[in-house]
Amino acid sequence: VNDDNHPNDPDWDEQVWKERLVLAVFFYSTGGNQWKRSKNWMTSKDHSSWRGVGTDSSTNYVFSLNLGANDLTGPIPSEIAALTS
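Residues numbered from 1 in each chain as written. Predicted model: local features only at pLDDT ≥ 70, side-chain atom pairs only at ≥ 80, totals over all residues. Heavy atoms only, no water.

Glancing now at the packing of aromatic side chains. Within this structure, the stated rule accounts for six aromatic pairs. Ring geometry for Phe27 against Trp35: centres 5.0 Å apart, planes inclined by 70°, an arrangement best described as edge-to-face. When the centroid spacing of 4.9 Å and the interplanar angle of 80° are considered together, the rings of Trp35 and Trp41 count as edge-to-face. Exposure remark for Trp35: the relative accessible area of 6% places this residue in the buried category. The class for Trp41 is buried, based on a relative accessible area of 5%. Put simply, the rings of Phe26, Phe27, Tyr28, Trp35, Trp41 and Trp50 pair up and form one aromatic cluster. (Phe/Tyr/Trp six-rings, centres within 6.5 Å; stacked < 30°, edge-to-face > 60°. Buried < 20%, exposed > 50% of the residue type's maximum accessible area, 1.4 Å probe, protein only.)

Below is the structure:
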């Protein structure tokens, strides 16, 4: 989690935090520690830099996941529905 963005920060965006949480649940539910390509996942870097995550440049909301041929295992969590785009 990026400590530079929290509720006391004027730029804080609750939806971005929700989406980061959803992505974390997705990562662990699908064996993210074993993925072939997981650059920047679960780091404090902005989730727009996480391998395979596409975000809108104006809102930073997730609009796509491109994780094909990445050896995902396990169920897709229901929390994925919380992604807005």
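Back to the write-up after that little detour.
Positive phi, normally seen in glycine, also occurs at Asn40, with a value near 75°. As for its placement among the helices and strands, Asn40 is situated in the loop between α1 (14–29) and β1 (53–55). Phi angles above zero are rare outside glycine, and Asp71 is one such case at about 60°. Position of Asp71 among the secondary structure elements: in the segment after β2 (62–65). (Helix = DSSP H or I, 4+ residues; strand = E, 2+ residues; numbered from the N terminus.)

Another point: the pattern of salt bridges. Two side chains carrying opposite charge are able to pair once their charged atoms lie near each other. The tally for this structure, following the rule as stated, stands at one salt bridge. Linking Lys18 and Glu14 is a salt bridge whose minimum nitrogen-to-oxygen distance equals 3.7 Å. Separated by four residues within a single helix, Lys18 and Glu14 lie in helix α1, roughly one turn from each other. For Lys18, a relative accessible area of 40% corresponds to the partly exposed category. Since its relative accessible area comes to 44%, Glu14 is described here as partly exposed. (Salt bridge = Lys/Arg side-chain N within 4 Å of Asp/Glu carboxyl O.)

This part covers the nonpolar core. If you look at the biggest cluster of nonpolar residues, it comprises 11 residues: Val22, Leu23, Phe26, Phe27, Trp35, Trp41, Trp50, Val53, Val62, Leu67 and Leu83. Broken down by element, this core gets its largest block of residues, four residues, from α1. Other than its neighbours up to four places away in sequence, Trp50 contacts Arg20, Leu23, Lys39, Asn40, Trp41, Met42, Thr43 and Lys45. (Core = buried A, V, L, I, M, F, W, Y, C linked by side-chain atoms within 4.5 Å. Contact = heavy atoms within 4.5 Å.)

The next thing to look at is the confidence of the model for the chain. Of all residues in the chain, 87% attain a pLDDT of 70 or more, and the chain-wide mean is 88. When pLDDT is averaged over each element of the chain, β1 comes out on top at 96 and α1 at the bottom at 93. (pLDDT = per-residue confidence, 0-100.)

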